[in-house]
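Listed here are the chains, written in short residue letters.
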Amino acid sequence: MSDRAALLAALAWQLDLGADEAITDHPQDRFAESQPKAPATGTAGAAPRATTRATGAAVAARRGGDGDLFPGPAASAEPGGETAPAAPLAAAAKSLPELAEALASWQGSDLRKGARNCVFADGQPGAPVMIIGEAPGADEDRQGKPFVGRAGQLLDRMLAAIGLDRAAEDPAHAVYITNILPWRPPGNRTPSDREVTAFLPFVLRHIELVGPRILFTIGNTPTKALMNTTIGIRRMRGQWQTHQPSGLPLLPSFHPAYLLRQPAEKRHAWRDLLSLRAALDDSSGGT
């Protein structure tokens, strides 16, 4: 294999792994990096050591004690130095557009610094099924819509198999789709528990405003978050649950991205879809 072919093969392998953008593991504030530095004073070598200590303290403050990039409540400051907790902001939203605006403007997570778009939702409000996934990927980040990449295309085919469509105008056949996180994690990594907890008030308010009859969680992250459990998706999938505090029936299933990697698991996902279809028919009188 030529050097050029080897490089192209290595690049394709990285793209398959999700490394499709030239970004680092953590968001970087390029504006702060470009600020002119104050001239050094005192003895030689003293200023660099002080700078190193200050930088380390700032990074530690931004990351929190466990290394996550989500800052604590005191770090999510708005203009004027006042904090902006997520729960009151989410509760104050009286409509989906207000919630989308509050979510996009909230400064409580550094994930926004490494993403292009706040990915809010797709589909029709008032649909009987609300699908909740994990977080946007590269395609979703570019387009500003959830589930538009390969996993999203598979999800659309899965839904079509039971008569559902995110673009359907008839609410009986429509779905509403969102994610636990609205911002793409760097490198498509799994969201941390702290990040999930930070955005959960927005998700709970989202469920209230959409008002679905059934919640359909796909993947480990949304299932664990909404059911407040540590049990994995392989044990949870296909088992009907009751979500609290909404009281809505909730059905967990595999994420389409997982099914692309493990095609043999599609038979289990198909059973979950049939169970979802049966529940919809029962709740609507078979129509």
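Presented here is a report on the structure given in the accompanying data block. (Residues numbered from 1 in each chain as written. Predicted model: local features only at pLDDT ≥ 70, side-chain atom pairs only at ≥ 80, totals over all residues. Heavy atoms only, no water.)

## Comments concerning the side chain of Gln124
Topologically, Gln124 is positioned in the loop between strand E1 (122-123) and strand E2 (129-133). Among the polar contacts made by the side chain of Gln124, one reaches the main-chain carbonyl oxygen of Glu169 at a distance of 3.2 Å. Not counting the four nearest positions on each side in its chain, Gln124 is found in contact with Arg166, Ala168, Glu169, Asp170, Pro171, Ala174, Val175 and Tyr176. (Helix = DSSP H or I, 4+ residues; strand = E, 2+ residues; numbered from the N terminus. Polar contact = N/O pair within 3.5 Å; in protein donor to acceptor, adjacent residues only side chain to side chain. Contact = heavy atoms within 4.5 Å.)

## A short note on the packing of aromatic side chains
Tallied over the full model, the rule gives four aromatic pairs. The interplanar angle of 45° and the centroid separation of 4.9 Å between the aromatic rings of Phe254 and Tyr258 together place this pair among those described as tilted. When its relative accessible area of 3% is taken as the criterion, Phe254 is described as buried. Three or more aromatic residues joined by ring pairs make a cluster, and in this case those are Trp106, Phe199 and Phe202. (Phe/Tyr/Trp six-rings, centres within 6.5 Å; stacked < 30°, edge-to-face > 60°. Buried < 20%, exposed > 50% of the residue type's maximum accessible area, 1.4 Å probe, protein only.)

## So, the environment of Met130
Summarising the element assignment, Met130 is placed in strand E2. The exposure class assigned to Met130 is buried, which follows from its relative accessible area of 0%. Apart from residues lying up to four places away in sequence, Met130 is in contact with Tyr176, Thr178, His206, Ile207, Val210, Pro212, Ile214, Leu215 and Phe216.

## Focus on the pattern of salt bridges
When the charged atoms of two side chains lie near each other, side chains of opposite charge can form a pair. The full count for this structure, using the stated rule, is nine salt bridges. A salt bridge links Arg189 to Glu195, with the shortest nitrogen-to-oxygen separation between them at 2.7 Å. You can call Glu195 buried: its relative accessible area is 1%. Residues Asp281 and Arg277 are paired through a salt bridge, measuring 3.0 Å at the closest nitrogen-oxygen approach. Here Asp281 and its partner Arg277 are both found in helix H12 (residues 266-283), four residues apart, which amounts to about one turn of the helix. Members of the salt-bridge network, linked through shared partners, are Asp122, Asp156 and Arg166. (Salt bridge = Lys/Arg side-chain N within 4 Å of Asp/Glu carboxyl O.)

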